[in-house]
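Commentary on secondary and tertiary structure
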Amino acid sequence: MIKKIITVLLACLMVMTAVPVFASAQADAGLRFDDNGEFRIMLFADSQDDEELEASTAQLMKEGIAKYQPDLVVFLGDNTVASGYDNQYAAIEAILAPCLEANVPFALVFGNHDQENGVDKEDLLAIYQEVGGDLCLTWDAADLYGCGNSNLVIMGSDNAAPAFNLWFIDSGSSLRNGDEWLGYDYVREDQIAWYESTAAELKELN
């Protein structure tokens, strides 16, 4: 019985009817539509596991990747909840193992629980990048609220020009006044301004 359900969503058959776009920072991410004009994304959300990844979770991830052969895996947040840097490192190694074994690139955003155990998101992202190596496609747009705000381009089938753009925006964690919890965080004005300006640049280049 699977105790923790990973939400697995397949964005299948994302056809190339999308208007071509270009993002100079990530145009060479290595993602492209296949010869049928399709690109498949597998999403994993809320695993909330520690350094001892549950066998059922690992099995679900491995079997899902093997069955659907995604072009990209995206971790949607609340990925690991291990306590302290060393345990978080081990937890990230465990959760990324199915991707690394299958040689599937991945990207991620953070949820409200990822940094609640003594490791901030900047350090967590550095671990994902170190463990994932070239398979980790997440980068961090400079001087914005949050961590991991980024975009990724998917190239066309012939790999000659960009065909689609993916956005990853950090919605924050919790709002606090000292020890008082005020509620959940939200996307801030500077992030929205970055999205708008980057989208405008993409439209202008198009």
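The rules behind each value
Residues numbered from 1 in each chain as written. Predicted model: local features only at pLDDT ≥ 70, side-chain atom pairs only at ≥ 80, totals over all residues. Heavy atoms only, no water. Phe/Tyr/Trp six-rings, centres within 6.5 Å; stacked < 30°, edge-to-face > 60°. Helix = DSSP H or I, 4+ residues; strand = E, 2+ residues; numbered from the N terminus. Buried < 20%, exposed > 50% of the residue type's maximum accessible area, 1.4 Å probe, protein only. Lys NZ or Arg CZ within 6 Å of the ring centre and 35° of its normal. Pairing = 2+ DSSP bridges. Expected span 1.5 Å × (residues − 1). Bend = angle between axes of the 7 residues up to and from the residue. Patch = residues over 30% accessible without salt bridge, like charges linked within 9 Å, V, L, I, M, F, W, Y side chains within 5 Å. Areas by Shrake-Rupley, 256 points an atom, 1.4 Å probe, with all protein chains shown as cover. Salt bridge = Lys/Arg side-chain N within 4 Å of Asp/Glu carboxyl O. Lys, Arg positive; Asp, Glu negative; His and termini not counted. Charge placed at Lys NZ, Arg CZ, Asp CG, Glu CD. pLDDT = per-residue confidence, 0-100. Contact = heavy atoms within 4.5 Å.

**Regarding the packing of aromatic side chains**
- Evaluation of the coordinates by the stated rule reveals eight aromatic pairs.
- Arranged with centres 6.2 Å apart and planes meeting at 50 degrees, the rings of Tyr-85 and Tyr-89 form a pair that is tilted. A residue pair is termed a helical-turn pair when its members lie 3 or 4 positions apart in one helix, as Tyr-85 and Tyr-89 do in helix α2 (residues 85-102) at four residues.
- Its relative accessible area of 40% is what places Tyr-85 among the partly exposed residues.
- Take Tyr-89: its relative accessible area is 19%, and that puts it in the buried class.
- Ring geometry for Trp-167 against Trp-194: centres 5.5 Å apart, planes inclined by 85 degrees, an arrangement best described as edge-to-face. Taken as a pair, Trp-167 in strand β6 (residues 162-168) and Trp-194 in helix α4 (residues 189-205) lie far apart in primary sequence, 27 residues in all.
- Overall, Trp-167 belongs to the partly exposed group, its relative accessible area being 28%.
- These aromatic residues form a ring-pair network of at least three members: Phe-44, Phe-75 and Phe-106.
- Across from the ring centre of Tyr-145, 4.1 Å away, lies the NZ or CZ of Arg-188, which sits over that ring.
- Arg-188 extends its terminal NZ or CZ atom over the ring of Tyr-186, reaching a point 4.4 Å from the ring centre.

**Looking at the pairing of strand β5 (residues 150-155)**
- Judged by how many residues are buried, β5 sits mostly within the fold: six of six residues are covered.
- Across the two faces of β5 the burial is the same, with Ser-150, Leu-152 and Ile-154 and Asn-151, Val-153 and Met-155 all buried.
- Here β5 runs beside β6; their pairing, made up of six bridges, is antiparallel. Each residue of the ladder has a partner; that of Ser-150, found in β6, is Phe-168.
- Adjacent in sequence and paired antiparallel, β5 and β6 are bridged by six residues, among which Asn-159 carries a positive phi angle near 60 degrees.

**What about α2?**
- In a regular helix each residue adds 1.5 Å, so 18 residues correspond to 26 Å; α2 covers 26 Å between its end C-alpha atoms and thus fits that length.
- Along its length, α2 reaches its greatest deviation from straightness, about 50 degrees, at Leu-96, and the proline Pro-98 lies no more than four positions downstream.
- The complete set of buried residues in α2 reads Gln-88, Tyr-89, Ala-91, Ile-92, Ala-94, Ile-95, Leu-96, Pro-98 and Cys-99.
- Once α2 ends, the next one or two residues include Asn-103, with phi positive near 60 degrees.

**Looking at unusual backbone geometry**
- Within the chain, Asp-78 stands out as a residue other than glycine whose phi angle is a positive 50 degrees.
- Here Asp-78 is to be found in the loop between β3 (72-75) and α2.
- Exposure remark for Asp-78: the relative accessible area of 6% places this residue in the buried category.

**Quick word on a negative patch on the surface**
- A contiguous patch of negative charge on the surface is contributed by Asp-120, Glu-122, Asp-123 and Asp-140.
- Considering the arrangement of structural elements, one finds Asp-120 in the loop between β4 (106-108) and α3 (121-132).

**Notes on the confidence of the model for the protein**
- Put simply, the protein has an average pLDDT of 82, and 85% of its residues get 70 or more.
- Segment residues 1-27 is flagged for pLDDT under 50; beyond a separation of four residues in sequence, or across chains, it makes 78 contacts in the model.

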